[in-house]
Amino acid sequence: SVNWIQTRIYHFLTLAMRERTTNIKLDHRLLDLEEPAEGGAIPVRIGNGAKTSADLCNSILEYHIASAAIVHPPNVILELGGGYGRTAFVWLSLNKCKYIMVDIAPALWVAERYLSSIFKGKNVFRWRPFVNFADVQQEFEKAELCFLTPNQLDYLPEGSVNLGINISSLHEMTIDKINYFITQFDRLLAPAGHFYLKAWKRSILPVDNVVIDRADYPIPADWGVIIERTPEFQPMFFEAVFQKKG
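Calculation notes
- Residues numbered from 1 in each chain as written.
- Predicted model: local features only at pLDDT ≥ 70, side-chain atom pairs only at ≥ 80, totals over all residues.
- Heavy atoms only, no water.
- Salt bridge = Lys/Arg side-chain N within 4 Å of Asp/Glu carboxyl O.
- Helix = DSSP H or I, 4+ residues; strand = E, 2+ residues; numbered from the N terminus.
- Buried < 20%, exposed > 50% of the residue type's maximum accessible area, 1.4 Å probe, protein only.
- Patch = residues over 30% accessible without salt bridge, like charges linked within 9 Å, V, L, I, M, F, W, Y side chains within 5 Å.
- Areas by Shrake-Rupley, 256 points an atom, 1.4 Å probe, with all protein chains shown as cover.
- Axes fitted to C-alpha atoms, helices over the stretch in contact; angles between N-to-C directions.
- Parallel < 35°, antiparallel > 145°, perpendicular 65-115°, else oblique.
- Left-handed = near helix turned anticlockwise from the far one by under 90°.
- Contact = heavy atoms within 4.5 Å.
- Nonpolar A, V, L, I, M, F, W, Y, C, P; charged D, E, K, R; others polar.

**Details of the pattern of salt bridges**
Taken as a whole and judged by the stated rule, the model has 12 salt bridges. Between Glu62 and Arg86 there is a salt bridge, with its nearest N and O atoms 2.9 Å apart. Of this pair, Glu62 sits in helix α3 (residues 54-68) while Arg86 sits in helix α4 (residues 86-94), and the two are 24 residues apart along the sequence. Under the relative-accessibility criterion, Glu62 is labelled buried at 4%. The network of salt bridges with shared partners includes Arg20, Arg229, Glu232 and Glu239.

**Some thoughts on a nonpolar patch on the surface**
On the surface, Trp4, Ile5, Ile9, Phe12 and Leu13 cluster together into a nonpolar patch covering about 590 Å² of accessible area. One can find Leu13 in helix α1 (residues 4-22). Residue classification places Leu13 among the partly exposed positions, given a relative accessible area of 47%.

**Points about the packing of α3 against α4**
At a closest axis distance of 9 Å, the pairing of α3 and α4 adopts a crossing angle of 60 degrees. Here α3 is positioned oblique relative to α4, judged by the angle of their axes. Here α3 and α4 pass one another in a crossing that is right-handed. Contacts between α3 and α4 involve Asp55, Leu56, Asn58, Ser59, Glu62, Tyr63, Ala66 and Ser67 on the former and, on the latter, Arg86, Thr87, Phe89, Val90, Trp91 and Leu94. Its residues assigned to classes, the contact of α3 with α4 comprises 7 nonpolar, 4 polar and 3 charged.

Structure, rendered in structure tokens:
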């Protein structure tokens, strides 16, 4: 449960985040986005009556940083650990692109419902088990929204993604798992493709007794750093955009 004091604090902080976004030189379309009715984000009304949320404000700022570092808009985006789809909502609202959501249950099912409900006109490749990509290739390639579990990354063709995204989930994994997924991104990214990463500067996994620092991320040697900085509202995080060698 959330009491009235916590609600007021949330509203104040969300409105402060929104105010900050209006003071940055953003793509004007970002400020026109409104928190959808579908989904679980707590909406806060701004001056013109439109609804925003902390999730939407964070997604707008993440989009702003990532897109500013990319010369050409990506045709194919793959996000690992995208939760219910807050990041995908912004990218799909502003770009004509294919978006591949990769996550585990139940988050993947929530994202599938959320995004397919908002973007009703898009062709959706719903999750299903397969072990041979050729069996689903035709349907997968026609789809604009695709939903996969992490084990299915192995079946995707090399160099088929222009932008990879991971926000606040790699730091929940052990180093061997982080290495596996970054290796997958390296395989799947096309030459000159980009990768946006947002994670804790230092994360602690108490169950595994593991500490992961920024320097521990096994970024491939041929990935250049386009930008790396501390995000606006999360001083304990870093965010970075890498570019694979062309």
